[in-house]
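Coordinate analysis (summary)
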Amino acid sequence: MALSVMRLVEGVTGLNILGLKDDDSSSPLQEEDEGAGDDPWARWRVLEAEVLKPGGVVILDGATGSEIERLAGPDSMNELGWSCSANFTYPDVVTAVHESYLDSGADLIISNTYCTNGNVMQAAGLGSIAERSTRAAVKHAKKARRHWLGRNPGAREPLIAGSLSCHPPKQAPGSAFDGGEWQSDEIEIENDNKHARLLAECGVDIIFCEMVWDTEHGERAVKAACDTGLPVAVCFSIPVPDHGNFMGAVKSQLAANAPLKLGGFGDTTLAEAAQRLTAGRPNIVALCIHHTPLLLMPHAIAAVRSVWSGYLGAYPEHGSFEMPHWNYEALDTDEFVGHAEVWTQSHRVQMVGGCCGVGPKFIEALANTFKRRNPSPPPRQAPAPRTPDAKEESSQQPPAAETPPGSSLPPPPERPDYGDDDSPAAAAAKERKSPRAALPPPPSVHLLSSGDATEAEEAAAKERKSPRAALPPPPSVHLLSSGDAAEAEEAAAPAASESPNPQLSEAAAPQPAAAPPAAPVAQPPARPEVAPRAPYAAAPSLPQPPLAYQPQPLQQPLQQQQQQQRHSSPAGALAAFAAKADQSLSPGNSPGAGDRGEPRPSLPPPPAFDSSAFLASIASPGGVADDDEDALPPA
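From a predicted model like this one, the values you see are computed outputs, not experimental measurements.

**Regarding the overall build of the protein**
The helix and strand tally for the protein stands at 21 helices and 10 strands. When the 635 residues of the protein are sorted by exposure, 41% land in the buried category. Sequence-distant contacts in the protein: of pairs separated by 6 or more residues, those separated by 24 or more amount to 78%. By element, 56% of the accessible surface of the protein is carried by carbon and sulfur atoms, the whole surface being about 35,300 Å².

**Side note on the packing of aromatic side chains**
Summed over the entire model, instances satisfying the criterion amount to seven aromatic pairs. A centroid spacing of 6.3 Å and a plane angle of 70 degrees characterise the contact between Trp-44 and Tyr-311, whose relative ring orientation is edge-to-face. One end of the pair, Trp-44, is in helix α2 (residues 42-52); the other, Tyr-311, is in strand β7 (residues 311-315), with 267 residues separating them in the sequence. Residue Trp-44 is classed as buried on the basis of its relative accessible area, which comes to 2%. Residue Tyr-311 is classed as buried on the basis of its relative accessible area of 16%. Ring centres 5.5 Å apart and planes at 65 degrees place the aromatic pair Phe-336 and Phe-362 in the edge-to-face group.

**Observations regarding the sheet that holds strand β10 (residues 351-352)**
Sheets are built from strands paired through backbone hydrogen bonds, the pairs being either parallel or antiparallel. Spatial strand order, β1-β10-β7-β6-β5-β4-β3-β2: eight strands in an open sheet with parallel pairing. Each edge of the sheet is formed by a strand with only one pairing partner; in this case those strands are β1 (58-59) and β2 (108-110). Relative to strand β6 (residues 284-290), strand β5 (residues 232-237) runs parallel, the two being bridged by six bridges. Across the sheet, residue Phe-236 finds its bridge partner in β6, namely Ile-289.

**Structural notes on the environment of His-318**
Tracing the sequence through the fold places His-318 in the loop between β7 and β8 (320-322). Sequence separation between His-318 and Cys-356 is 38 residues; the distance between their C-alpha atoms is 6.4 Å. Here His-318 is in contact with Leu-294, Trp-326, Glu-329, Ala-330, Leu-331, Cys-356, Gly-357 and Val-358, once residues within four sequence places are set aside.

**Overview of the packing of helix α8 (residues 185-202) against helix α9 (residues 215-226)**
Running from N to C, α8 and α9 point in directions that differ by 35 degrees, and their axes come no closer than 8 Å. Regarding α8 and α9, the two cross each other, and that crossing is right-handed. Note on element contacts: α9 touches α8 through Glu-216, His-217, Arg-220, Ala-221, Ala-224 and Ala-225, opposite Asp-185, Glu-188, Ile-189, Asp-192, Asn-193 and Ala-196.

**Let's talk about the pattern of salt bridges**
Under the criterion given, the structure shown has 18 salt bridges. The closest approach of N and O atoms between Glu-67 and Arg-70, which form a salt bridge, is 2.7 Å. Here Glu-67 and its partner Arg-70 are both found in helix α3 (residues 65-72), three residues apart, which amounts to about one turn of the helix. Taken as a pair, Glu-67 and Arg-70 share a single burial class, namely buried. Its salt-bridge partner being Glu-201, residue Arg-135 comes within 3.1 Å of it at the nearest N-O pair. Here the residue Arg-135 occupies a position in helix α7 (residues 130-151), and Glu-201 occupies one in helix α8, the gap between them amounting to 66 residues. Judged by relative accessible area, which is 53%, Glu-201 ranks as exposed.

**Some details on the side chain of Thr-215**
As for its position among the elements, Thr-215 is in helix α9. The class of Thr-215 is buried, set by a relative accessible area of 10%. Apart from the residues lying within four places of it in its own chain, the contact partners of Thr-215 are Leu-262, Thr-268, Ala-273, Arg-276 and Leu-277.

**Some details on unusual backbone geometry**
The linkage connecting Met-323 with the following residue, Pro-324, adopts the cis geometry, with an omega of 5 degrees. Topologically, Pro-324 is positioned in the loop between β8 and β9 (325-327). With phi around 45 degrees, His-291 is a residue other than glycine that occupies positive phi space. Within the secondary structure, His-291 is located in the loop between β6 and α12 (297-305). Of note, the phi angle at Arg-348 is positive, near 55 degrees, even though the residue is not glycine.

**Describing the confidence of the model for the protein**
On average, residues of the protein score 73 in pLDDT, and 53% of them reach the 70 mark or higher. Predicted confidence is poor over residues 1-6, with pLDDT under 50, and the contacts of this stretch with residues over four places away or in other chains come to 16 contacts. Residue range residues 620-635 is modelled with pLDDT below 50. Its contacts to residues more than four positions away, or to other chains, number 39 contacts.

**Here we look at the side chain of Glu-48**
Among the secondary structure elements, Glu-48 is positioned in helix α2. Lys-53 provides the closest opposite charge to the buried, salt-bridge-free Glu-48, at an N-O distance of 4.6 Å. Among residues more than four places away in sequence, those in contact with Glu-48 are Lys-53, Pro-54 and Tyr-311.

**Focus: the state of the cysteines**
The final tally for this structure, using the stated rule, is zero disulfides. The thiol sulfur of Cys-166 is not disulfide-bonded, and the nearest other cysteine sulfur, from Cys-209, lies at 7.1 Å.

**Focus: the nonpolar core**
Core analysis: the largest hydrophobic core is formed by 117 residues, its most contacted members being Trp-44, Phe-208, Val-234, Phe-236, Leu-270, Leu-287 and Leu-366. Residue contributions to this core peak at seven residues, all from α7. Look past the residues within four positions of Phe-236 in its chain and what remains in contact with it is Val-212, Leu-262, Leu-270, Ala-273, Ala-274, Leu-277, Leu-287, Cys-288, Ile-289, His-290, Thr-292 and Val-304.

**With respect to α12**
The complete set of buried residues in α12 reads Met-297, Ala-300, Ile-301, Ala-303, Val-304 and Arg-305. Structurally, α12 contributes buried residues whose contacts are with β5, α11 (270-278), β6, β7 and α13 (333-347).

**Some words on the pairing of β7**
Summarising burial for β7: five of the five residues are buried, a large majority. Residues of β7 alternate between two faces, with Tyr-311, Gly-313 and Tyr-315 on one and Leu-312 and Ala-314 on the opposite face, all of them buried. Relative to β7, β6 is paired through five bridges, and the arrangement is parallel. Its bridge partner lying in β7, Leu-287 is registered against Leu-312. Assessed by its sense of winding, the connection that carries the chain from β6 through α12 to β7 is right-handed. Strand direction decides the pairing type here: β7 and β10, joined by two bridges, are parallel. In the strand pairing of β10, Ala-314 is matched with Val-352.

Criteria and thresholds
- Residues numbered from 1 in each chain as written.
- Predicted model: local features only at pLDDT ≥ 70, side-chain atom pairs only at ≥ 80, totals over all residues.
- Heavy atoms only, no water.
- Helix = DSSP H or I, 4+ residues; strand = E, 2+ residues; numbered from the N terminus.
- Buried < 20%, exposed > 50% of the residue type's maximum accessible area, 1.4 Å probe, protein only.
- Contact = heavy atoms within 4.5 Å.
- Areas by Shrake-Rupley, 256 points an atom, 1.4 Å probe, with all protein chains shown as cover.
- Phe/Tyr/Trp six-rings, centres within 6.5 Å; stacked < 30°, edge-to-face > 60°.
- Pairing = 2+ DSSP bridges.
- Axes fitted to C-alpha atoms, helices over the stretch in contact; angles between N-to-C directions.
- Left-handed = near helix turned anticlockwise from the far one by under 90°.
- Salt bridge = Lys/Arg side-chain N within 4 Å of Asp/Glu carboxyl O.
- pLDDT = per-residue confidence, 0-100.
- Lys, Arg positive; Asp, Glu negative; His and termini not counted.
- Disulfide = S-S within 2.5 Å.
- Core = buried A, V, L, I, M, F, W, Y, C linked by side-chain atoms within 4.5 Å.
- Right-handed = clockwise from strand over helix to strand, strands pointing away.

Structural data, given as C-alpha cells:
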C-alpha cells in the first residue's frame, strides 16, 4: 500500500520519490500523429480500405484493467474507480499491456480511459485529476505504438481508440454490477462532453462508447462522442449482476424466444437500443458487443445484426467481477477462437477481441487464425504522371504534318516515281523500295508417276506394319588427316552427282559445306580411389529443456488466494509485497516480461483509501503536475 501511495504522489506531483521513472521521461515525449496528417479519419480509412472492405477481420486488443491488475497486483486497482489511477501509479505497466497486445497482432488498442471520465473519478474522490489521468492514458498508448512501430518498420499503423464508458459511478465494493450513484443529468452530460473533447484533443483515432447497458446514459455518451466528428463505435453490454438468478432468468427468456433486453433487464430490447442510438448519426462506423459472457454473445450479436448492416464487432469477457477485482476462470484458446469463428461466419462479425479476463495469448490466437485468411489489400494507386509544360511540349514534339481541310488524319506519304526504265537494275530498285516486298516463289513440286507412287506406297505400308522402324546406324567417325580429307572430298563429289533425289527437282537448293573435322578430345585423368570413411560415433543424448510455458489452472487457486487476501492483511505480507514490487519495477525486470499467459500470485488488498486526505496532503498552489510536462498540455 505504501508503495502504491508513493507512486500516485509521484504521478500527480512530479516528484521522483522512488526513482522509478520511464526510460525516456527525461526528454519530452513526442506525441506526433504518425502519418495521420490533418485528417482525423486517416488511419480509420486505411484500416477500412485494407481489411474491412475486402471482407477481412480486424483484431482488437484484450482486457486492460484486469491485465494491469494481473501484472501489478491487487493494490493497483482503486476501490471506487477501478483502474482510473493506474495511469499515475503504474505507468510502465499500462504501456507494457498495450505493447503486449500490439506484439500479439492487434490492429487496434483501447486506451486506459474507461474509468477516467469525470463521472467515475468524481465519485472516487479524484475528480481534480480526471483530465490528467485521461491525458496520461493516451500518452501511454501512443508511446506503446511508437515503440512497436520502431520494431516493425513499414507496418500499417495500429489505431488508438479512446474509451468513453457508462460505467456506474460509485459501484459498491465487492459487487459484480449495480446501477451506481449518478449525479444530476446536467453534470453527467457535462462530464461526458468534456471527456469526449479531451480524447479528440489528445489525438485518438476513434472513440469507443463502452458499457452501454442503458439507453438513458448511453444516449448521452454517444451524443458526446459523435459531436467530436471522429469515427465512433457503440459497444453494448449485458453485465451479470450478483443478485438473484440472473443467468437462469435470461436462459428462460431465450428459451421462450423472447427478445434479449439491453443490459439483460429493463423494457428496451437490444435491437431497439441499436436502432435508437444510431439514428441520424453518420459517423457511427461500427456496433460491438462487449463485457458480455460467452454464453450470451451469439444471442446479442444476432439481435444487433437484425437491425444493423454495417461493421459489427465482438469482444467478450470471461470470469467474474467483484469490484474492484477480477476473478479469472480457465479458458482454452482453441475454444475461444472457435466461438469467434462462429460469429464471423454466421453473422459477418469483422472485429474480434477480448474484454475482462481475456489476455494477450487469446489475442495472439485470434491473430494467427484470422490474419492469414484476410484477403490481400488492394494495390495502392500510383501517382499520375506529370504533365509537361507547354514550352516543354513544343520543344519535345516534332512539327505536325499539314492536314487537308475536312480530314482529321495526315495525308499519306507520296510514293517515289522510278520512271519508265525497264532495265533489271530498275526492277530491282523498285522491288527494294516498294512499300511491301514481293514474296519469294514457292519451291517447285515434282509430281510422281504411277509407278513411283506404287513403290512409295508399298514402302510406306511395309514401314507401318513393322513393330518399330529401325533407325539407321549412326555414321562412324573417322579422324582424317589433311591429305585424307582432300581424297575424301574428291571421291564424294562424283558420288553425289550420280545419286539424284527423286523427290526434288533440279532447282533444289545446294547442300551446305561439310563441317571441319573435330579435334581429338583428351581423356580426363583417372580419379584416385578414396578410402571409405569411418562411421560416426553416436552423439550422446541430451536432456530435454523445460517448456517455456507450463499451463496451470487459473480458477480455484487464484480465487482462494484473492479471498484470503481480502480478509487478512498482516504487516509482513505488505512489506514483502513492497519489496517484490520494487524488484519487479527495477530496470531489466520490466512488468509484462516473460510468460503472459499465467497470472501473478495475488497479494492482500490495501486498507480503505481516504481520497480526500490524500488530495489534501499532495495539493500544491501550482496545481497537479505529471511526470512529463512537455508531453501533457496543462489542464
